[in-house]
Amino acid sequence: MNTRTLDQIRAASPLVHCITNYVTVNDVANVLLAIGARPIMADDSEEVEEITALCAGLCLNIGTLNARTIPSMIAAGKRARVLGHPVVLDPVGAGASALRTATALRILDEVRPALIRGNISEIRTLAVGSGATQGVDASAADAVTEENLMASADALRTFAARTGAVVAVTGAIDLVTNGSDCYAIRNGRAEMARVTGTGCQLSALLAAALAAVPSDPLAAAAETVALMGAAGEIAWVQMGECDGNATYRTRIIDAVYCLTDEELAARMNIMKL
Amino acid sequence: MNTRTLDQIRAASPLVHCITNYVTVNDVANVLLAIGARPIMADDSEEVEEITALCAGLCLNIGTLNARTIPSMIAAGKRARVLGHPVVLDPVGAGASALRTATALRILDEVRPALIRGNISEIRTLAVGSGATQGVDASAADAVTEENLMASADALRTFAARTGAVVAVTGAIDLVTNGSDCYAIRNGRAEMARVTGTGCQLSALLAAALAAVPSDPLAAAAETVALMGAAGEIAWVQMGECDGNATYRTRIIDAVYCLTDEELAARMNIMKL
Amino acid sequence: MNTRTLDQIRAASPLVHCITNYVTVNDVANVLLAIGARPIMADDSEEVEEITALCAGLCLNIGTLNARTIPSMIAAGKRARVLGHPVVLDPVGAGASALRTATALRILDEVRPALIRGNISEIRTLAVGSGATQGVDASAADAVTEENLMASADALRTFAARTGAVVAVTGAIDLVTNGSDCYAIRNGRAEMARVTGTGCQLSALLAAALAAVPSDPLAAAAETVALMGAAGEIAWVQMGECDGNATYRTRIIDAVYCLTDEELAARMNIMKL
């Protein structure tokens, strides 16, 4: 598989509307600029429909959801859906509070996003009502492993088919499925979990990818998941002895900025299950 | 022209109140510290008048405006105005939504800021009601070029005269005018647009500059616009092969921190039109 | 004193709930990850009690407090208190507005935090009603110096005894007391004040420390204050000629990430008064 997603994002330079958390929002904006897309953050209910109409894709991230922004997410999501724009849902912390779980389920139901990206505990919470979410991190008990890979893929296929969305679960092994085909991706490094927001960044990049490659959302999603992992691998190689997670954070975005489609193709480790 | 704005900011170390967006707020705080000013962010309507009274300048940035913060901006702006503190308006995304345009116009009308800084599409939206704003970016159709420079300057002079504000438009060529004199500034690099928030940072620095150099806001503004561009130039020279926009972001703020008035004077490319 | 706080935080990997300001929130999340703890930010009143129940500690930071988040802080704080979780209060800007002072005092009264960390002007505002807070910075008039050290310590002892909290005042000399014992800490560098949020980061680390070392909050707090200073010292050594406060920001978090308990023990400059 190579739909040259990276080149297509750079060629299209999609404007991506993000209603996202304030923890990682700066990195989300910079990683969108790094890949060649253009971010706009707007979350007031009075303007979100108008803003999303200007854009090519929408990313809804519930990381710091609140009573003011939840209606904005729903309104922007519905409008984007009517306009045929891809909507990505990042259900940050689903399972950690009733509000997060209910809001994510409500977005699934009312917006019907084109793609859902989360860790396995968040996705299990939405799929079967019982992920062992640990704050905003996945539980080890839920992890996708080589041993449970096929069973995990089947569970995700069922969830994808039911929601009509591409589902992307990220962890040590990433899985991306549209309900029939499923890809396992083995890129990235465990140390990426020590940088806040690499998942948020990926979700925003997925919105850019689906906007730029409307013909094949599954392939675009799988390649973008691999791209984020590849950026983490490249960035890690550049780490010096005194570097920690703050430098790693910078280097990952830099790696997205500098990445070529050829380099990505050489690194991508995507296997069809 | 050299009013030694940088040295004056460092000598005065003005406290600058920012009601700003949550995307770039950390960089805004750090660039104010880099230049020798001191930031304070406060946006609750119950405290903004008291906070702004403690400060020497106010920066109003509508990048993530909302129903809660718009009244805070108006209240703080009016209070600062009464106290004779310079108010800078950064009309982020004016033209991208009715809410943004209306809020920026309302601030112009009710607060009468000392300075307005935006990209050309934002400023055209406020000046003539028809900028082709692309999300938070300027449209190429609106760009200030060598060809339309004098006509652009005249249009901005008219807007500056009407609002009573210094108007600073930043892009490939920057223009700064108080309605009579107009300066064209050719500093900076195109890659600065790949870092989110360089405009937001400049707006906050302009509030610091006007607070520190009350006798000559036009010169202080022109020099500060040149300073931000010079920082972008210096930072670019330090970029390595694997560096991208995240490292550039860090290096730009570092360049402001390390910049001397002599270095700035040598780099400033300010021409009176 | 060496309770091996750093090793204990890494072993426990406590989940820390932060209701914090949007200026420095990303650094707060990354420094918690750097030390081996896990952050979760959540501030909607509908979910904060549930979120804090999942966590081992809570950090309340009023840096950008507002009408929506103040009730969330109170609710989360009370719930954490009932559950026996350590609550840290960072009264950012207490003294700069009536809202900040009143909110900090209300949290002291209704939540009874386990630890209060601030600069001397903020703490004096809460202790005696008259700190000369300059925005979010301490006033030179209030500074803890070698000359007034014993008197400052006594004033803080009184405040700590009255509130039942460990009190940590940071500045050129840091003081940490539980009302009887008091430690003076001489780590850190003055340049840390040029990076926004090093205080916010320390407050979050203190919540992690108290969660990981419940048996000795005073020692855990003193060591964590020294740890943050040591990180600032180590980071400073790595600064190059063109580096400024933005690189220093990154290097400080990196230093926390790379720090060993042995290195910390060698650098800690903690003296019992």
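Structural data are supplied above this passage.
Fair warning: this is a prediction, and the values are worked out from it, not measured in the lab.

> Can you help me understand the relation of the copies chain A and chain B in this one?
Taken together, a rotation about one axis and a shift along it account for how the two chain copies relate. Superposition of chain A onto chain B requires a rotation of 120 degrees combined with a translation of 0.0 Å along the rotation axis, giving an RMSD of 0.0 Å. Such a combination of rotation and displacement between the chain copies is what one expects of a three-fold axis. Residues of chain A ranked by C-alpha distance from the rotation axis are headed by Tyr22 of chain A, positioned 3.6 Å from it. Little of the interface of chain A is mirrored in chain B, where only 9% of its interface residues again form contacts.

> Looking at this structure, how should I read the side chain of His17 of chain C?
Residue and element names in this part refer to chain C. Residue placement: His17 occurs in strand 1 (residues 15-19). A polar contact of 2.8 Å, which involves the side chain of His17, links it to the backbone oxygen of Ala42. Beyond its immediate sequence surroundings of up to four residues, His17 is in contact with Ile40, Ala42, Val48, Ile51, Thr52, Cys55, Gly57, Leu58, Cys59 and Ala76.

> Please clarify how the sheet that holds strand 1 of chain C should be interpreted in this entry.
The pairing of strands in a sheet happens through backbone hydrogen bonds and is either parallel or antiparallel. Residue and element names in this part refer to chain C. Reading across the sheet, the 9 strands line up as 2-1-3-4-5-6-7-8-9 and stay open at both edges, with mixed pairing between neighbours. Of all strands in the sheet, those with a lone pairing partner are strand 2 (38-41) and strand 9 (270-272), marking the two edges. Each strand axis lies, on average, 20 degrees off the axis of its neighbour in the sheet, ignoring direction. Summarising the sheet, strand 7 (residues 174-177) and strand 8 (residues 182-185) pair through 4 bridges and their orientation is antiparallel. Counted as the bridge partner of Asp174 is Ile185 from strand 8. Relative to strand 3 (residues 57-61), helix 4 (residues 69-83) is tilted by about 155 degrees, and along the sheet it contacts strand 1, strand 3 and strand 4 (87-90). The sheet strands contacting helix 9 (residues 217-237) are strand 5 (115-118), strand 6 (166-169), strand 7, strand 8 and strand 9, and the helix crosses strand 7 at an angle near 165 degrees.

> What should I look at first to understand the relation of the copies chain C and chain A in this one?
If you rotate chain C by 120 degrees and push it 0.0 Å along the axis, it lands on chain A with an RMSD of 0.0 Å. The share of interface residues of chain C whose copies in chain A are also at the interface is only 9%, consistent with the copies meeting through different surfaces.

> I keep staring at empty space enclosed by the protein and nothing clicks. Help me out?
Where empty space is left in the structure can be found by rolling a water-sized probe over the atoms. The final tally for this structure, using the stated rule, is 5 cavities of 30 Å³ or more. Looking at the lining of the largest cavity, the elements that each hand over two or more residues are helix 4 (69-83) of chain A, helix 4 (69-83) of chain B together with helix 4 of chain C. Within the lining of the largest cavity, the residues separate by chemical class into 12 nonpolar, 18 polar and 6 charged. Estimated volume of the second largest cavity: approximately 100 Å³. Along the walls of the second largest cavity sit 17 residues, with Tyr22, Val23 and Asn26 of chain A, Asn26 of chain B together with Asn26 of chain C positioned nearest its centre. For the lining of the second largest cavity, the secondary-structure elements that each account for two or more residues are helix 2 (25-35) of chain A, helix 2 (25-35) of chain B together with helix 2 (25-35) of chain C. The leading source of residues in the lining of the second largest cavity is helix 2 of chain A, at 3 residues. When the residues that make up the lining of the second largest cavity are grouped by side-chain class, the tally is 9 nonpolar, 4 polar and 4 charged.

Calculation criteria
Residues numbered from 1 in each chain as written. Chains lettered and ligands numbered in written order. Predicted model: local features only at pLDDT ≥ 70, side-chain atom pairs only at ≥ 80, totals over all residues. Heavy atoms only, no water. Least-squares fit on C-alpha atoms with pLDDT ≥ 70 in both. Contact = heavy atoms within 4.5 Å. Helix = DSSP H or I, 4+ residues; strand = E, 2+ residues; numbered from the N terminus. Polar contact = N/O pair within 3.5 Å; in protein donor to acceptor, adjacent residues only side chain to side chain. Pairing = 2+ DSSP bridges. Axes fitted to C-alpha atoms, helices over the stretch in contact; angles between N-to-C directions. 1 Å grid on protein atoms, 1.4 Å probe; cavity = no way out; pocket = protein on both sides within 12 Å on 5 of 7 lines; lining within 4 Å. Points joined across faces, edges and corners; volume = space filled by probe spheres on them. Nonpolar A, V, L, I, M, F, W, Y, C, P; charged D, E, K, R; others polar.

Taken by themselves, the reported measurements are silent on function.
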